[in-house]
Every structure is written in C-alpha cells, then in structure tokens.
Amino acid sequence: MRNRLLRFGQAIKLPGLSFGLAFTLTGLIIALSDSRVLAKIGSPLEFVKSAGSLVGNSYLALFQGSIFDINLTKGHSFFQGFYPLSETIVTATPLILTGLSVALAFKSGLFNIGAQGQFIFGAIGASYVGFHFHLPIGIHIVAAAVAGMALAAIWGGVVGLLKAKTGAHEVILTIMMNYIAGYFILWILKTKSFLRPGRIDPIAPEVGLNARLPLLAGDNLRIHAGIFISLAAAVFVWWLLTKTTIGFKFRTVGANSQAAKTAGISVPFVVTVTMAICGALAGLGGAVHVLGSEHALNADIAGSFGFDAITVALLGRAQPVGTVFAALLFGALRAGGRTMQSSTGVPLDIVLVTQALIVLFIAAPTFVRYIFKLKKLNSAASLTSKGWNG
Amino acid sequence: MSEIRSNIQTRRLRGVSVISLLSLVSLVFFGFTNAGKGTTTFGFVLNNEWVIIKEWVISAATGAKIFSVLALVASLVAAGAYRKKVKIIIPISVATFGIFMAFITWVAAGKFIPFTGLLQGALLLAVPLVFGSMSGLICERSGVINIAIEGQLLASAFVSGVVASLTHKTIWGLIVAPIAGAAISFLLATFAIKFSMDQVILGFVLNVLVIGLTDFLYKKLLVPYQDTWNTAPTFGHLEVPILSKIPLIGPIFFSQSIVVFIMYAIVAAITFALFKTKWGLRTRAIGEHPTAADTVGIDVNKLRFKNVMIAGLIAGVGGAYYTVGSVGAFGKEMTAGAGFIALAALIFGKWSPIGAVFAALLFGFADNLQSTLTIIGVSIPSEFMLMVPYIATIIAVTGLVGRVRAPAADGVPYLRGGAH
Amino acid sequence: MSLELRGITKTFGSFTANDSIDLKVETGQIHAILGENGAGKSTLMNIVYGLLKADSGEILIDNKPVNIAQPSDALSAGIGMVHQHFMLIPVFTVAENIVLGHERAGKFGVLDIDTARLAIRRVSKDFGFEVDPDAIVETLPVGIQQKVEIIRALIYEAKVLILDEPTAVLTPQETDELLKTMRDLKSKGTSIIFITHKLREVREVADQITIIRRGKVVAAVSPQTPEGELASMMVGRAVDLAPQKHKHEIGAPILVAENLTVRDVFGVAVVKSVNFHVSAGEVLAVAGVQGNGQSELARALINLEDHIEGSLRLDGKEIRGSSIYDSLHAGIAFIPESRELDGVVGSFSIAENLILDLHDQAPYSKGINLSARVVLAEAAKRVTEFDIRSQSTADAVSTLSGGNKQKVVIARELSRPVKILVASQPTRGLDVGSIEFVHERILAERDAGRGIILFSTELDEVMALADRIAVMYKGEILEIVDSNVTREELGLLMAGVSSKKLNA
C-alpha cells in the first residue's frame, strides 16, 4: 500500500509542480500589469497586499466562473449555483472532440494543427442541414452531425492525402488550411443561402428545433446532450487505438513509420485515413457546438477551440482519458476566465498564457526538475521528437 | 516520415504538369471568358522616377492570351528539360509569372493597375517573410526547428510599436525590436537545447504564449490608454539618389523604408557568412552531423544556442516592420500567420538564403496582389483574394518543390555519447 | 608517446560498461583490444577521446595524468581517432571536413581552405594514396572515406591513433592495405590502438593484445596465442568456431530473380540486372563489401524499394511490383539490416512487436478486432521457443539487448508459414552467443526445407553457412560459386576480380 501511495505521489509531483509554477507566473503577470497595483510600488507591504488581493480575487472569480458561485443561488434553487460548472462542461464538450482529433493524430505521428478549420467546416455543415431542412426529431440531429463530420473529414483528409502523396509537412498545410477555412466562413455567411432574414450581420438562420441537442438540466443551465457524444467519442478513440487492427496500424506508424512500412503497413493509407478521422472528430465538435449551444452559425463560431485542442491534447499526453480531463480543465479556465474578466477587469486572454505555461512545463519535465532541484527518474517517452526529415 | 519521399523525377514531373495545367487553364479561362471585356491599363510611373513608358493599355482578353501563351511555352520548355538534371526553375518561374500576369490582366478589365506600386508593395510585404525565413534558416541550418517565428515577429511588432509610441521616436522602436525577438529565441534555445524539449511543440507553445501575452496587454493597456501606448510614428521612405529614379527597378528596390535596406544588408551578410566563413562551415556542420562536429572539438550546443539567439535578433527586426515600418499602431495578432509563411518560404527555397528570399518575394507578391485588386474593386469576393497567399503556400510546399532535404540533424537534440 | 589507462570505470544506470580497466600502450606499439560486440571497447575509446567521461580512473600520457573532458582535449594531447561510423559530414568536401574544427580564417572570418588542400595532397602522397581534396565525401567509396579520416588524424599530428573496428567495411584487399598502413605508421613512431573482434587481423599486426569481456580486462596476451584460445577468452567459454552444417538434398528452386534491377532516387541503377535462384533446403549467401547493392537487393525481394524492374518469382508466381504486405504474406520472411530502424518498434512491447506484420491475421484478430488474449498467449510461446530473455512480454523492446531484439525479429518472421527467409546482415552487432543462435536457426530452417538467402559482409559467416555464394560487386552479381571456394578467391571476387572475366 505504501508503495502504491509513494508511486502515486511520484507520478503527481511533477505535474503538480508544473501547474503550481504556471499559476504562480500567471498571477505575477496579472499583478505586475495592473496600474493600481503598480502605483503602490513605493511601499512594499501595500504593494504585496494589493497584488495579493488582485490575484486572489482573480482566481476566486476563476473558480466562481467555472465551478460554483454561491451568489447565483439567491432567489433560485441551490442547483443554480452550479451554472458555472454547466458552463465549463458546455465549453469542454466541443473541446473534448477537437482535443481527441489532435490526440489521435499524435498517436499516428501527425501534428493536426488544423482542428480549427475542420471545426469550422463541421459547424458549417451542421448549421446548413440544421436550418435548411425539416426532419423528424432525432434524425435531424444525426443528419446535421453527419453532414458536418463529412465536410470536415474531407477537409482533414485532403491534408492527409497531400502529405501521403507529396511528403509535405502537415504543420504548414494545416495552418494554411485554417486560414483558408477562416476566410471561407466569412464569405459564406454573406451569401444568400446563409443570411438570416432580417439581419445584415454575418449570422446564419437558427437551426430547427428538431436539430437541437436537448438540454440536460432544465432551461436555466446550458449543459446539453453533447457531452454524451463527446464522451462516447473518447471511448470510440480509445477502442479504435487499443482494440482494433486499424488502431494498431495507426500506432505503429506513429511510433516508427519505417518499421511499419517494412512490416507491410501502408503508411500513405494510414496518414490519409487518420487525417480524415481526425477531421471528422473536430467537425463533430463544430456540429455539437452549433447544435448544442450556439444554434446558429456566426463568423466567430470556432473561437479558440482549434487552438485549445492542441494544448488539450498535449496536456492529456495524447491519451483519450487524459484528453477528456485536460479539456475539462481548460474548459474551466475559459469559462472562469470570462467571469474573471467581467468582475476584476483582467482580460481573459491571460488564460491562454496559463494554458501555454502549463503545457510548456508538462512537456519539459527536465526544466521543472531543474527549477525545483529534483532528482532524475526514468524519463517518460516524449510525444514526438522528429524533424522535417521524418 | 521519410518513406513518403518521392523520387526526384516524379517531383519534377509533378511540378511541370501542375504548371502546364495551370497555364492551359489560364489560357482557356482568362483568355477566352467574357468577363475579360474591356481594357486593362498598367501604370508604370509611381513618383518621380525617369519615365520610359507611362502606361500600357491592352485589351484584357488579348493580354490574358499573350501571357498564358508565354506561360504555356515556358511550361513546354520545362517539360522538355525535366528528364535531365538541368535546372528547370527558370522556365517554371517564367511560367508562374505568365500565369499571374494573365490573371491580373483578366481580372482587372476596365481598371487601372499601378504596376510599379504593386511590385514596390510586394517587396515591402515580403519584408517580414524574408526576415522570418532568414531567422528560420539560421536555426534550421544549425539543427534547431523554429516554429516560433510567428511569435518572434508578433512579440517584436508589439514591443517596437509600444516603445516607439512611448518615446515618440521610431528609432527606439527599431532598436528594441531585435531584443524582443531574441527574448523568444532565448526561451526556444533554452528549452530545446538545454532541456531537449520537442521543438515543434515548443515552437507552437511559444507562439500561444506570445499571442496570449500580447492580446492580454493589448486589452489591458493599448486599448484604454491608446494615446500613450499605441500611437507609434512610422518610418518614411528613404530614396537612394539616382538609383531610385530608374524606371520600375528604382521605386521598387531603392525607394523604401529603412527596414528594407537593413534587409538587403542582412541577406547579403548571411549568404556570404554561411558559405564562406568559419562560422558558416561550423554552423552547417552542426546541422548535418553534430557528432562529427563534436569529435573535432566544436561545442555543438553552445553554437546552436548562439545561432538561435542571432536568428532571434534577425526575426525581431522583421517584426518592427509591422508597426514602425508601416502602420504604426499594433493590432491584435497582426502578423496573421506570416511566421508560418516564412517557414514555408524557407522550405520552398530549400533551406538556401537566395531561395528563401525568392520564395518570400513570391508570397509577398501574392499578398499585395490581393490587396491591390481589392482596392481597385474587382469582381472576386475579397475573402477569396485573402486566401491567395495561403493557397500559394500550399501549392508551393506540395507541388513545386524539388528535392526537399532539410539539414540532416534538423530537430534532433544533440546528446553526447549517443544517448537514446 | 605512451598512453596508459588506470582503473577506468563507467556505468550507465545499473549497467557497468567498463569495470576498472587497466591498459598500457607503449610508444610505437600496435596494441589490439579484442572483445565481442557489447564488451565495452567502444565505450572505453570514447572515454579516451573525450566523448564520454569516466566515473573513476585516470588517463596518463607519457606517465603524466591528463584531464580529457572533451574531444578538443584529446586532440591537443595528440590523440586521434578513426571511428567505426565515420565522423565525416557527407555533404562537405574532403578539405572542408579536414579543416572543420581547425579552421584558419582571415578577415571577417573568411575561410582559408587552400592551405589545407596543400597539406592533404602532401600527407596522402606520403602514405601512397591520392585523395582529391575537393571531392564531396558522400560520393567517395567507403575505403577512401576511411583514408580521409586517417589523413585527418595525421595532419593534426596524432601520436596515438585509435582505430575502432576499421575493417568492418573493407574488402580483404583493402584490409591488407590498411594493415600495411598501420605498420608504416608504427615505423614512423605513431602508437596505434586497434579495436576489433576479428582474430585473424589481430594476430597479423598486433604487438600486444588486451582482451575485454563484459567490461573487464580478462587477459593481456601476445599475438602468438592461438585463435581458439583468443576466442574462448573473448567469450568466456569454449567456442565452436564453425557451426555444424549437414549435407543434404537441395530441392527445387523456390525464388527466381531474372534481370532484377533496382534504381535509386536519381534513377541510377544500384542493382544491375541480376539473375539468381534460391532452392528449397539451401543457403544462398550474397557476399560483398558494404555498398555494392546488397542492401537494396535484399529490400527489393519484398518490394521495399520504390523502383524495381525485371522479374521476381516465388513458386512460379510473379511478385515483383506487389505490395510489401503481399510479398510478406506470399511466404517471405524478412530480417532487415537494421533492427533498430525498421525491425522493431522500440516503444512497443515484445508481444506487440511479435505481431507487427501479423496483426490482421487469424488468430490474432477477427475482422477489425484485435484479441489481446491471443496476442499475449502466442507471445509467451515464442519467448520460450526462441529463448528471448526479458522480464515479461509486456516489456518494451527497447529494454532488450541487441541479441534479444534480433530474436524477436526472427521469432516474428518465423511464426508464419514461409518458404523463403531473407536475412540481411542478421548477426551485425550481436554477441557471440546470439550469433551462434542465429546461425543455428538459419541452418535449422534450411534443414526443414526452406530457402535461405543470406546477405552478409562477414566472410567467416558466409563460408560457414553457405551452400552457394553469390558475390556482388558494383550492383552486379559477379559470380555464383560453390561453398568450397577459398578465402582468397572470395576476396578477389569481392574486389571485383572475376576469373571468368580474366579468362574471357
């Protein structure tokens, strides 16, 4: 028993310190960029108190915005206090899917930076089927989701195909595809078929009622059935990778593509199919976002989901379970960040910094050990350590 | 994945077929469709250079046909030569030029194209791409992948804009710009070299860090206190006497902001240094075979660190272009992916300085073409025009690249003793 | 200049590579260090050269202790090294490689290569081999590349020259030349440390032999010691230098290659229109020095190369141009040349590696579903059958020794029905025990009626195992001879001298 506890302690020590370091640095930035705090730099005690209170309030707001806020229960049921938690889950739901998209790619040795663009096409497809057709309950949701997944799968698969046929690096390809997708959605929202009657701003008609994902906890909380889809997708990815022959091929190509080729596995096939599936996953994220919470396509539908997906996958070490938890964490940061911005005036972009720092420290354990003067253990295998040459 | 590397012949064949197809499409589409009614006017005079021709007016359809035929002929020349080891880059470049010109002639029917201005602006827009690709070049030739070019450009754009705004002097902005780039480089070098972190992930994370920080500070300081923090003055044009009066060449190359002249100097210096000096030999050695370099007594990691820092300084200057070099004020995420296009230019240019510069100019041209056409009001939706640089990048890295061979040890941290 | 090592110890984690090693090389002496693969010889030399730091012990030059913390220290102390895997930058010229690290620079750091060019011509003439300073290294034959490394050490006035397994990549003729060069250098006062596992060479040229086994010095003997004794001291037990090969009936041809050509990325033919066949129950060895097309030919047999022309028939059916997958499952077992690179997946478990090319076959999977239970059960069987030493089948393959990794590859390939076994340098880098195992296994498959095509650069191995020998030279099969050919004849063939050509 003691051994198990010790091992657990070991396993959690490094990530724990990484998180602590990231949040400390974030706090420093918040404090040192605030004019009110800086004004007190003359007297150290006042300075520390002011900095401490700002940072403390910010983190409190972060918590209140992401998990539980007692203030919201006033005049409502106790349940309503969990509105922030529901927001966290709503934010995390598409993030799990995009995170899985990136994680699956990592497992096959690919860098899918294109989750953002794939998400956009998923949203476009789901939105169009959602508002343009009238289908019975259940079928409408499925049709919309499938439409979104199909478009996104093509968007991702094209990259896989290009890489398979020409050897071009998917990092550049997917980044370019993201920009193209970003401009595409700007254009399509101006076209007649996508303009909402009565509005001149770029927003599409709302999806039909039958296409919306049902709410789970009453009308006051935004949490919707998409979370089940996301979790199911995580199970699917886990099953695919560990229990199927296809997943075996993916993992082999990801671990050693040369050995995979010598063993008869078709690397171009794996690359293309992986990118298509990853596209579909990210596209499903877009569909779920539209059908579950937004209900209408707008220019900023993808928000930062694509970006965050990468940090989520990195934090989750490309494992399906890890990705789910990482998505929940970063979803919490985002949801909480909005509250933090409105209550303490700290711009929510700082959350990006925190995310980046967390990933940086988790991906560079040697650094954290160095900072805290820890002893070296068996080094964990890195996710990827390749250059352009393979 | 090096087993997805096609035979050189296949690549050249593919490049030639792509360009031939595009030439044919150009001829059919741009030469013969109705939309090309009217005449296109190319203006060649910008300011006060000597004038040979003032304008060239040509029917849009005829012009498109002429340029498409030029492209087709060039493609055929390339096709004839592809089997041998002859450099087909020249006919392919001519063909590309032809296709671009055919497109312009067709799309600007009935309109006026300020051609010299177009090219002058193209060079200007290529500036951050050139600086970025030079930065990437030095890093990658030393064996370190630099995905953080975007972050370097953005960080230095921010810092130079802010400092120039605070001091009301453009020169201070220019001076601190390299420092910002070097700061990002310091992080890149430390985590990649000292802590052997995966370089692609590291580069990406650094980009996110810079975006987060600049967005945060933008909202916190630059927007509310705009007058103090975000009204940077800009550099005007410097005119080289006599040279700037040569028609076409003059305005394009010799009547530019100081940042451009610095760029010429840096490109020349790097090209010379990389192939003719002791530093250049050692740099190339550590990128190809670091163990061999180690065995002759070269401190591989120290040189890599130094080179990454130098590359940061260079990228920093490029970032200054965005603020003090053009619009003055900093905008959120204003680099819009230029760092990645610079990386693509580096790959397209096969990790050689001249090649990278050429590729960067091409991308700059595509970018400026897009904004010029939008300004003069063509019929294609602006969003599609905005896609052009990115589509061009994709075509470049997939279709037209020849033998792609990065420095052999690129991206692999060096650990003495062959530790795995 | 004399070089002495006292008590050198080096550990990597729990593994002791060098255990308190003492060694003395006198001035003008050729001192051979003999040991099998994995004994710790290269580690020791890397310490002497400054690429590794010893945990304890000291190095003395001319009886004075020196501190060698990096290669530049070794260089200034007068130690030069020619590594087993060349330390030359392939895309640089000879002159650039030699100048690297000792550059003379003018104003603005401009490189001065002319001085180096002159020095290169001078030194190479002194030793009787001409090298073009402006040739690009990767275009030079391997033997010449090695000479470039030696020239480099000599230009910088090395007084002690370390040669790490120098003859691994040379023809017998080039080996003789090298041994002669070594004697020349010795007569001019250079001390030489000669690392090898080849007994014959050691007895020809060494003045003193130190034998290292499992990181410890086990003996310091004179070169008069008979080979058998040296071998058993190297391995620690009596060694059977030649495996038992039974004479038996050779069956019908199973694999037939006709005008088989392989081209590289430039379209140049590296295997030129070869013809051969492999019959049931025989071992056809393809001999030749590294770099004459053997690697490409081996890969072409399962269509692992991109540009193959000609015909390759397995049991009458044309397989040239099929996918790699189809080639493997048509009945060809493939042991690749570099097990680390493409033989095994280091991060995968032993069990997973054992199904690398079988994962979609019954009984390991049904349709899309992989059966972990079956995979583990079969893995357990193989581990026993092939004596793979590990803690459990779930261990990552990267934790295994070279020999055990190779056993995993062999176990995998032989656990499906095969007609032909293609083995490409199967014993490279293995310890003697593993080498014996591989040889026994090859002969067992031969006796069971399979056809074996063995690609090997080790003459001893070829002569011990082969029924027929095909010698490759510059992409062609020069001749196919019977196993009763002499070493000398084989050596000539490997150098491109064909009696048929001579008499034609």
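Structure shown above.
What you are looking at is a predicted structure, and each value in this text was computed from that prediction instead of being measured. (Residues numbered from 1 in each chain as written. Chains lettered and ligands numbered in written order. Predicted model: local features only at pLDDT ≥ 70, side-chain atom pairs only at ≥ 80, totals over all residues.)

1. Section: the overall build of chain A
Part 1 of the reasoning: The number of helices and strands found in chain A is 15 helices and zero strands.
Part 2 of the reasoning: Relative to the compact-globule value of 21 Å for 390 residues, chain A shows a C-alpha radius of gyration of 22 Å, a close match.
Part 3 of the reasoning: In terms of principal-axis extent, the alpha carbons of chain A reach across some 65 × 60 × 40 Å.
Part 4 of the reasoning: Classification of the 390 residues of chain A by burial places 56% in the buried group.
Part 5 of the reasoning: Across chain A, every contact between residues at least 6 apart in sequence was considered, and the portion connecting residues at least 24 apart equals 74%. (Helix = DSSP H or I, 4+ residues; strand = E, 2+ residues; numbered from the N terminus. Rg over C-alpha atoms; globule rule 2.2 N^0.38 Å. Buried ≥ 20, exposed ≤ 12 C-beta atoms within 10 Å, placed from the backbone. Contact = placed C-beta atoms within 7 Å.)

2. A few points about the overall build of chain C
Part 1 of the reasoning: Each helix and strand counted, chain C has 18 helices and 24 strands in total.
Part 2 of the reasoning: Taken over the C-alpha trace, chain C has a radius of gyration of 24 Å; the compact-globule value for 504 residues is 23 Å, and the two agree within 12%.
Part 3 of the reasoning: For chain C, with 504 residues in total, the buried portion stands at 46%.

3. Focus on the nonpolar core
Part 1 of the reasoning: Membership of the largest hydrophobic core comes to 344 residues, with the highest contact counts inside it found for L291(A), A345(B), V422(C) and L454(C).
Part 2 of the reasoning: When residues no more than four places from it in sequence are discounted, the contact partners of L291(A) are A126(A), G130(A), I141(A), A144(A), A145(A), V207(A), A211(A), R212(A) and L213(A).
Part 3 of the reasoning: The next biggest cluster of nonpolar side chains, apart from the first, holds 76 residues, and it includes Y49(C), F92(C), L185(C) and I212(C). (Core = buried A, V, L, I, M, F, W, Y, C linked by C-beta atoms within 7 Å.)

4. Description of the sheet that holds strand β14 (residues 269–279) of chain C
Part 1 of the reasoning: If you trace the four strands from one edge of the open sheet to the other, you get β14-β13-β16-β17 (chain C), paired in antiparallel fashion. With one partner strand each, in any of the chains shown, β14 and β17 (317–318) of chain C form the two edges of the open sheet. (Pairing = 2+ DSSP bridges.)

5. Structural notes on the interface of chain B and chain A
Part 1 of the reasoning: Taken together, the contact pairs 46 residues of chain B with 51 residues of chain A.
Part 2 of the reasoning: The element contributing the most residues to the side of chain B that touches chain A is helix α7 (residues 199–222) of chain B, with 14 residues.
Part 3 of the reasoning: Each residue belonging to the side of chain B that touches chain A can be placed in one class, and the counts come to 30 nonpolar, eight polar and eight charged. (Nonpolar A, V, L, I, M, F, W, Y, C, P; charged D, E, K, R; others polar.)

6. Some words on the sheet that holds strand β3 (residues 30–34) of chain C
Residues and elements named next belong to chain C.
Part 1 of the reasoning: Spatially, six strands are ordered β6-β9-β10-β3-β11-β12 in an open sheet, and the strand pairing comes out mixed. Each edge of the open sheet is held by one strand with a lone partner, namely β6 (79–82) and β12 (216–221). Between one strand axis and the next, the sheet turns by 20 degrees as a mean value, whatever way the strands run.
Part 2 of the reasoning: Along the sheet, helix α1 (residues 41–48) makes contact with β3, β6, β9 (160–164), β10 (191–196) and β11 (208–213), crossing β9 at roughly 150 degrees. (Axes fitted to C-alpha atoms, helices over the stretch in contact; angles between N-to-C directions.)

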